[in-house]
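# Report on the structure
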Amino acid sequence: MERVERAVRIVAVQAALLTAALHLLWALPRLSPAMLTESVADSRPFLFVPAAVLLIAVAVAVFRGYRYRRLSSLGGGTLAALLVGYPLYHGGDAADALATEPLAVAAVAVEAVGVVAFAGLYYVHHPDRLGLAATDAADNDSDSEGDDAVDADASSDN
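Notes on the structure in this doc start here. (Residues numbered from 1 in each chain as written. Predicted model: local features only at pLDDT ≥ 70, side-chain atom pairs only at ≥ 80, totals over all residues. Heavy atoms only, no water.)

The helix and strand tally for the chain stands at eight helices and zero strands. When the helices and strands of the chain are read in sequence order from the N terminus, they spell out α-α-α-α-α-α-α-α. Residue burial in the chain is summarised as follows: out of 158 residues, 29% are buried. Contacts in the chain between residues far apart in sequence, at least 24 positions, make up 69% of those at least 6 positions apart. A total of about 9800 Å² of accessible surface is found on the chain, and carbon and sulfur atoms cover 63% of it. (Helix = DSSP H or I, 4+ residues; strand = E, 2+ residues; numbered from the N terminus. Buried < 20%, exposed > 50% of the residue type's maximum accessible area, 1.4 Å probe, protein only. Contact = heavy atoms within 4.5 Å. Areas by Shrake-Rupley, 256 points an atom, 1.4 Å probe, with all protein chains shown as cover.)

Spelled out as structure tokens, the structure:
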């Protein structure tokens, strides 16, 4: 199971980093200080930069080995939002826009792979599959026994 988790984690990290890089490649040339003072026709650069920073943070946390289902949800949800946002933004012209933008084709493909990888991490990181639930239950039982012993001592003092 650890090999499967490692493989899925590597794919998820790579998908998150590649998606962040593709979105930054598209957004950074389109950002300018004039966009802050004038009306904006396209707000995507302002959304892609924070999304890329978030994906980089998630990728670093997953790479470091944090096994939190919320982290997997955050990574997969961010990628899914970017994936679903493309056809929502372009509407009926999404297929034509996708055909004319090679960065968009790459981003959509990588986002789809990343959503599947983060869903796999979400599945693998269930506490029962890693044996974490048993150790947490043992810790809670030992803590509650210690509390009972303290309560018994306190009641005998009275």
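On we go from here.
All told, the structure shown has two aromatic pairs when counted by the stated rule. Relative to F48, the ring of W26 has its centre 5.4 Å away and its plane inclined at 65°; by these criteria the two rings are edge-to-face. Of the two residues, W26 sits in helix 1 (residues 2–27) while F48 sits in helix 3 (residues 44–63), which places them 22 residues apart along the sequence. Just as W26 is buried, F48 falls in that class too. Ring plane angle 20° and centroid distance 6.1 Å describe the contact between Y66 and Y68, whose orientation is recorded as stacked. Look at Y68 and you get exposed, because its relative accessible area is 52%. Its end group placed over the ring of Y122, R69 keeps NZ or CZ at 3.8 Å from the ring centre. (Phe/Tyr/Trp six-rings, centres within 6.5 Å; stacked < 30°, edge-to-face > 60°. Lys NZ or Arg CZ within 6 Å of the ring centre and 35° of its normal.)

Okay, helix 4 (residues 69–90) next. With 22 residues, helix 4 extends 32 Å between its outermost C-alpha atoms, agreeing within 8% with the 32 Å of an ideal straight helix rising 1.5 Å per residue. Every buried residue of helix 4 is listed here: L71, S72, G75, G76, T78, L79, L82, Y86 and H90. Buried positions along helix 4 lie against helix 1, helix 3, helix 5 (94–100) and helix 6 (102–124). (Expected span 1.5 Å × (residues − 1).)

Residue position: H90 is located in helix 4. With residues near it in sequence (within four places) discarded, H90 still touches R44, A97 and E101.

Once that is clear, we can look at helix 3. In this model helix 3 runs 28 Å from its N-terminal to its C-terminal C-alpha over 20 residues, within 8% of the 28 Å that 1.5 Å per residue would give. Every buried residue belonging to helix 3 is among R44, P45, F48, A51, A52, L55, V58, A59, A61 and V62, and all of these are buried. Close packing links the buried residues of helix 3 with helix 1, helix 2 (34–37), helix 4 and helix 6. One or two steps after helix 3, the chain reaches G65, where phi turns positive at roughly 100°.

Counting residues in hydrophobic clusters, the biggest one holds 21 residues, and the most contacted among them are L55, V62, F118 and L121. For this core, the secondary structure elements donating two or more residues are helix 1, helix 3, helix 4 and helix 6. Per-element tally for this core: the top contributor is helix 3, with eight residues. Those residues in contact with L55 that sit more than four places away from it in its chain are A16, T19, A20, G75, T78, L79 and L82. (Core = buried A, V, L, I, M, F, W, Y, C linked by side-chain atoms within 4.5 Å.)

Here we come to the pattern of salt bridges. Scanning all chains against the criterion turns up three salt bridges. The closest approach of N and O atoms between E5 and R9, which form a salt bridge, is 3.7 Å. Within this pair, E5 and its partner R9 are both found in helix 1, separated by four residues, close to a single helical turn. The class of E5 is buried, set by a relative accessible area of 3%. One salt bridge connects E5 with R67, and the closest N-O pair in it is separated by 2.7 Å. Residue E5 is located in helix 1, and its partner R67 is located in the loop between helix 3 and helix 4; the two are separated by 62 residues in the primary sequence. (Salt bridge = Lys/Arg side-chain N within 4 Å of Asp/Glu carboxyl O.)

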